[in-house]
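Survey of secondary and tertiary structure
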Amino acid sequence: MVNKWLSTIRASLYPATCVLCGARGEAGRDLCAGCCEDLPRARHCCRCCSRPVPGSGGELLCAACLRDPPDFERTRALYGYAPPVDHMIHQLKYAGRLPMARLLGLQLAALAAELPAAERIVAVPLHASRLRERGFNQAIELARPVARALAVPLDTRSCYRTRATTAQAALSRAAPRVNLQGAFCVRRDLSAQHVVIVDDVMTTGSTAGALARALKAAGAAEVSVLVVARAAI
Ligand SMILES: [Zn+2]
Ligand SMILES: [Zn+2]
């Protein structure tokens, strides 16, 4: 009863507005129907890494996965890394707009329902120095609604970065794998578990690949990756 009153008061003080166009929205919705419709949904994807593959209905593999299969079994992406999704992610990471994480995390949760049952969710860890600088890990904030919706524990303790790696965006396509060699460590036995990795953006796939390798080395039987946006490289 008190909660209901509080949320009524909150809704009248802070009416829901669309985070993209500012239009008055419905209560509890941070995005209006029009803006939601215009988002660049990920379509025609590689079934393993979610890279765009012309003509694929999600059953084909891209050339890169055929040549060099990643250590994860599948990737599901909400959107292509294109406007306005790139801006939304930038707002979350660099302007600290945490409501973006709730909005995108709830959408990720709906996508996560299509995955096989999982035992554990991990967010791609930030190195301690980057975490200090930013104050929060956007991947953890995105993973919270996913963990709640699936009723699966969000594990923020078992995986960590052993060193700060060079920003992926600044590297060429070939370099990230070398740069990320041994970048993650897992301090828990994950025998026979299906682990879901959550991250904001997948660019080359090498970060998720390196973390999946570390999870498999710790015993994980299966690794899925959930990302908000997939870059088309
Ligand atoms: Zn809008
Ligand atoms: Zn692929």
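Conventions adopted
- Residues numbered from 1 in each chain as written.
- Chains lettered and ligands numbered in written order.
- Predicted model: local features only at pLDDT ≥ 70, side-chain atom pairs only at ≥ 80, totals over all residues.
- Heavy atoms only, no water.
- Buried < 20%, exposed > 50% of the residue type's maximum accessible area, 1.4 Å probe, protein only.
- Helix = DSSP H or I, 4+ residues; strand = E, 2+ residues; numbered from the N terminus.
- Pairing = 2+ DSSP bridges.
- Axes fitted to C-alpha atoms, helices over the stretch in contact; angles between N-to-C directions.

This brings us to the pairing of strand 6 (residues 222-230). The buried fraction of strand 6 amounts to 8 of the 9 residues, a majority that puts the element mostly inside the structure. Pairing geometry for strand 1 (residues 74-80) and strand 6, over 6 bridges, is parallel. When the sheet's bridge partners are listed, Ala-77 is paired in strand 6 with Val-227. By the bridge criterion, 8 bridges tie strand 5 (residues 194-202) to strand 6 in an arrangement that is parallel. Paired with Asp-199 across the strands is Val-227, a residue of strand 6.

On the basis of which strands lie adjacent, the open sheet formed by 4 strands has the order 1-6-5-2 and parallel pairing. Both outer strands of the open sheet, strand 1 and strand 2 (120-123), are each paired with one neighbouring strand and no more. Here the strands of the sheet are splayed against their neighbours by 20° on average, with no regard to which way each runs. Examined bridge by bridge, strand 2 and strand 5 share 4 bridges and lie parallel to one another. Paired with Ile-121 across the two strands is Val-196, which belongs to strand 5.

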